[in-house]
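As a plain string of letters, each chain reads:
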Amino acid sequence: MTRLVLLGAGLIGREHADLVMGHPDASLAGLADPSPEAERLAERLGVAHYADYASMLDEIRPDGAIVALPNRLHAPAALACIERGIACLIEKPIAGDVADAARIVQGSERAGVPVLVGHQRRHSPDIRAAKRAIEAGELGDLVAVSGMTLFDKPANYFDAQWRTRAGGGVLLINLIHDIDVLRHLVGEIESVRAFTSNAHRGFEVEDTASIAIRFANGALGTFVISDNAVSPWAWEYTSGQALYHPVQPGPSLFLSGRKGALSVSDMYLWRHARETDHWQDPLVREHRAGDGSRTYVNQLEHFIAVARREVDPLIDARDGMATLAATLAVARAAREDRTVTLSEMLARPAEAA
Ligand SMILES: NC(=O)c1ccc[n+]([C@@H]2O[C@H](COP(=O)([O-])OP(=O)(O)OC[C@H]3O[C@@H](n4cnc5c(N)ncnc54)[C@H](O)[C@@H]3O)[C@@H](O)[C@H]2O)c1
């Protein structure tokens with residue numbers, strides 16, 4: 001039995017608690033969160049409650065810790081785990097800024113303590129199947145990709161004031177997942193250009209963005225995102241894997257290569273019937289069914305294996321830092337109206353806010 005603890009029992013922390021409690025190979029040994037709701041949750045679940053996570057880590061000495069705290073607390077919490085040799089699953093983004101992410105990377109790599117970053121989509125059946133198809137060469141070299149995350153958040157979502165101010169917008173909350181998937185499937189991002197808009201909600205922070213991406217392997221991509229537009233085109237709907245959204249089967253990401261094309265999450269793989277065919281010849285399509293597994297359960301199972309030191313994290317701290325830096329590059333590209341490279345974001349982490 002792998003003994004896990006939870007740091008932060010808010011919206012997503014409660015989901016993690018339920019997942020751990022329901023898993024046959026893991027136990028929840030305690031949770032740390034000073035809120036009265038968290039204390040009641042601990043009582044209901046019958047697990048030890050702490051207001052202070054350092055005391056919990058010292059007393060329980062768990063195999064792994066799930067960090068579901070507000071972003072700015074990710075770095076101190078991760079370092080507290082690393083110092084004690086405790087593997088951690090840190091919710092996304094890895095940290096509030098690249099400088100803090102770099103501290104986690106350094107701590108984790110120096111101490112040899114694994115950190116898994118909670119970009120759960122990499123554990124989902126559709127993204128796993130897409131990765132397999134790409135790695136098997138079924139699409140050939142990727143040439144062009146395009147994706148969408150378009151959905152409409154309700155007005156009361158913005159009662160939390162931080163969501164209306166810089167850093168609380170659709171880029172850092174949502175686009176970061178899409179950027180992580182693009183890096184995972186297509187390859188490292190070299191540079192980005194972007195426009196952002198707040199024309200519809202009128203908050204200080206962006207609600208909509210369009211992004212152009214150059215990947216290091218030569219592929220090009222575009223992405224549009226809005227939290228104020230009605231559509232079924234968002235992984236949260238199309239995958240059927242999100243925690244709080246209805247299932248709306250269909251595509252939200254399109255990948256096209258020299259040999260074939262794939263739409264995700266409906267998982268149609270398109271290609272010509274013969275290798276010698278060209279644009280005037282018909283395309284045939286195959287359906288690639290997912291394996292029926294659940295994304296968050298898969299993520300937890302992977303973390304259990306990481307905590308037992310059986311596997312390396314699928315998204316380690318360095319990888320999570322690059323996803324954060326590429327997402328912040330989009331914000332900077334829009335703000336400064338220029339092309340921003342990933343390497344400049346990583347070279348000067350203190351400025352990469
Ligand atoms: N992967 C996903 O799909 C996903 C979804 C939602 C949130 N998140 C991420 O999870 C993290 C938490 O988000 P949330 O929506 O659950 O936030 P939340 O505000 O609902 O929960 C945060 C909790 O942390 C507690 N807390 C604050 N300071 C603490 C401290 N010093 N020690 C212990 N507990 C403390 C708060 O009392 C609160 O219960 C964020 O980083 C967010 O980006 C990820």
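No experiment lies behind these values; they were computed from the predicted model shown. (Residues numbered from 1 in each chain as written. Predicted model: local features only at pLDDT ≥ 70, side-chain atom pairs only at ≥ 80, totals over all residues. Heavy atoms only, no water.)

### Re the overall build of the protein chain
Here is step 1 of the chain: Along the backbone of the protein chain there are 11 helices and 15 strands.
Here is step 2 of the chain: Rg of the C-alpha trace for the protein chain: 21 Å, near the compact-globule value of 20 Å for 353 residues, within the 12% margin.
Here is step 3 of the chain: On the principal axes, the C-alpha backbone points of the protein chain span a range of 70 × 45 × 40 Å.
Here is step 4 of the chain: Among the 353 residues that make up the protein chain, the fraction classed as buried is 54%.
Here is step 5 of the chain: In the protein chain, the share of contacts with a sequence separation of at least 24, taken over all contacts with a separation of at least 6, comes to 65%.
Here is step 6 of the chain: Surface exposure of the protein chain reaches about 15600 Å², of which carbon and sulfur atoms provide 51%.
Here is step 7 of the chain: A distance of 2 Å separates the average location of the 36 positive side-chain charges in the protein chain from that of its 46 negative side-chain charges. (Helix = DSSP H or I, 4+ residues; strand = E, 2+ residues; numbered from the N terminus. Rg over C-alpha atoms; globule rule 2.2 N^0.38 Å. Buried < 20%, exposed > 50% of the residue type's maximum accessible area, 1.4 Å probe, protein only. Contact = heavy atoms within 4.5 Å. Areas by Shrake-Rupley, 256 points an atom, 1.4 Å probe, with all protein chains shown as cover. Lys, Arg positive; Asp, Glu negative; His and termini not counted. Charge placed at Lys NZ, Arg CZ, Asp CG, Glu CD.)

### Examining the environment of Met56
Here is step 1 of the chain: Tracing the chain through its elements places Met56 in helix H3 (residues 53-60).
Here is step 2 of the chain: Residue class for Met56 comes out buried when judged on its relative accessible area of 0%.
Here is step 3 of the chain: As a C-alpha pair, Met56 and Ser35 span 21 residues in sequence and 15 Å in three-dimensional space.
Here is step 4 of the chain: What Met56 contacts, discounting residues up to four positions off in sequence, is Val5, Leu6, Leu7, Gly30, Leu31, Ala32, Tyr50 and Arg61.

### So, the site of the ligand
Here is step 1 of the chain: Lining the immediate environment of the ligand, one finds 23 residues, of which Asp33, Asn71, Glu91, Lys92 and Gln120 sit closest.
Here is step 2 of the chain: A distance of 2.9 Å separates an oxygen atom of the ligand from a polar backbone atom of Leu11.
Here is step 3 of the chain: Here Asp33 contributes a side-chain N or O atom positioned 2.6 Å from an oxygen atom of the ligand.
Here is step 4 of the chain: Contact with the protein chains hides 73% of the accessible area of the ligand, taken as 850 Å² for the molecule alone.
Here is step 5 of the chain: Partitioning the shell around the ligand into residue classes produces 12 nonpolar, eight polar and three charged. (Near = heavy atom within 4 Å. Polar contact = N/O pair within 3.5 Å; in protein donor to acceptor, adjacent residues only side chain to side chain. Nonpolar A, V, L, I, M, F, W, Y, C, P; charged D, E, K, R; others polar.)

### Observations regarding the packing of aromatic side chains
Here is step 1 of the chain: This model, assessed by the stated rule, comprises two aromatic pairs.
Here is step 2 of the chain: Note on Tyr157 and Phe158: the rings are 5.0 Å apart at their centroids and 70° apart in plane angle, and the pair reads as edge-to-face.
Here is step 3 of the chain: Summarising the aromatic geometry, the rings of Phe158 and Phe203 are spaced 5.2 Å apart at their centres and angled 40° between planes, so their arrangement reads as tilted. Pair noted here: Phe158 is in the loop between strand E7 (142-150) and helix H7 (170-185) and Phe203 is in the loop between strand E8 (189-197) and strand E9 (208-215), with a separation of 45 residues, a long-range link.
Here is step 4 of the chain: A relative accessible area of 27% places Phe203 in the partly exposed class.
Here is step 5 of the chain: Among the aromatic side chains, those forming a connected cluster through ring pairs are Tyr157, Phe158 and Phe203.
Here is step 6 of the chain: Taking NZ or CZ as reference, Arg163 lies 3.9 Å from the ring centre of Tyr157, over its face.
Here is step 7 of the chain: Here Arg285 stacks its cationic end above the ring of Tyr268, 3.8 Å away from the centre of that ring. (Phe/Tyr/Trp six-rings, centres within 6.5 Å; stacked < 30°, edge-to-face > 60°. Lys NZ or Arg CZ within 6 Å of the ring centre and 35° of its normal.)

### Here we look at the sheet that holds strand E11 (residues 253-257)
Here is step 1 of the chain: Spatial strand order, E14-E13-E12-E11-E7-E10-E9-E8-E15: nine strands in an open sheet with mixed pairing. Of all the strands in the sheet, the pair left with one neighbour each is strand E14 (283-287) and strand E15 (340-341).
Here is step 2 of the chain: Where helix H10 (residues 317-336) meets the sheet, its contacts fall on E8, E9 and E15, and the angle it forms with E8 comes to roughly 50°. (Pairing = 2+ DSSP bridges. Axes fitted to C-alpha atoms, helices over the stretch in contact; angles between N-to-C directions.)

### Some thoughts on the pairing of strand E13 (residues 268-272)
On a regular strand, one side chain projects to one face of the sheet and the next to the other, so that they alternate.
Here is step 1 of the chain: Alignment of strand E12 (residues 261-264) against E13, held across three bridges, turns out to be antiparallel. Residue pairing for E13: Leu262 is matched across the bridge by Leu269.
Here is step 2 of the chain: The antiparallel pairing of E12 with E13 creates a hairpin that spans three residues between the two strands, and Met267 there sits at a positive phi of about 60°.
Here is step 3 of the chain: As judged from the five bridges shared by E13 and E14, these two strands associate in the antiparallel manner. Considered in E14, the bridge of Arg271 is made with Val284.

### Quick word on the domain arrangement of the protein chain
Here is step 1 of the chain: The domain architecture assigned to the protein chain consists of domain 1 (2-113) and domain 2 (123-291 + 327-335).
Here is step 2 of the chain: Listed per partner, the contact involves six residues of domain 1 and seven residues of domain 2.
Here is step 3 of the chain: Summed over both partners, the interface of domain 1 with domain 2 comes to about 580 Å²; 71% of that surface belongs to carbon and sulfur atoms.
Here is step 4 of the chain: One can count zero salt bridges joining domain 1 with domain 2.
Here is step 5 of the chain: Our enumeration of links across domain 1 and domain 2 arrives at one residue pair in polar contact (both at pLDDT 80 or more).
Here is step 6 of the chain: Per element, the largest residue contribution to the side of domain 1 that touches domain 2 is three residues, and it comes from helix H1 (residues 11-21).
Here is step 7 of the chain: Here the side of domain 1 that touches domain 2 is composed, by residue class, of four nonpolar, no polar and two charged. (Domains from an automatic or database assignment. Buried area = accessible area lost by both parts, 1.4 Å probe. Salt bridge = Lys/Arg side-chain N within 4 Å of Asp/Glu carboxyl O.)

### Quick look at a nonpolar patch on the surface
Here is step 1 of the chain: A surface patch of nonpolar side chains, amounting to about 290 Å² of accessible area, comprises Leu11, Leu243 and Tyr244.
Here is step 2 of the chain: Summarising the element assignment, Tyr244 is placed in the loop between helix H8 (235-238) and E11.
Here is step 3 of the chain: The exposure class of Tyr244 is partly exposed, given its relative accessible area of 44%. (Patch = residues over 30% accessible without salt bridge, like charges linked within 9 Å, V, L, I, M, F, W, Y side chains within 5 Å.)

### Re the sheet that holds strand E6 (residues 115-118)
Here is step 1 of the chain: Read from one edge to the other, the open sheet built from six strands follows the order E3-E2-E1-E4-E5-E6, with strand pairing classed as parallel. Here the strands that pair on one side only, and so sit at the sheet edges, are strand E3 (48-50) and E6. Recorded for the sheet is a direction-independent mean angle of 25° between the axes of neighbouring strands.
Here is step 2 of the chain: In this sheet, strand E2 (residues 26-32) lies alongside strand E1 (residues 2-7) in parallel orientation, the contact comprising six bridges. Among the inter-strand pairings, Val5 is bridged to a residue of E2, identified as Gly30.
Here is step 3 of the chain: Strands E1, E2, E3 and strand E4 (64-67) of the sheet are contacted by H3, whose axis makes an angle of about 170° with E1.

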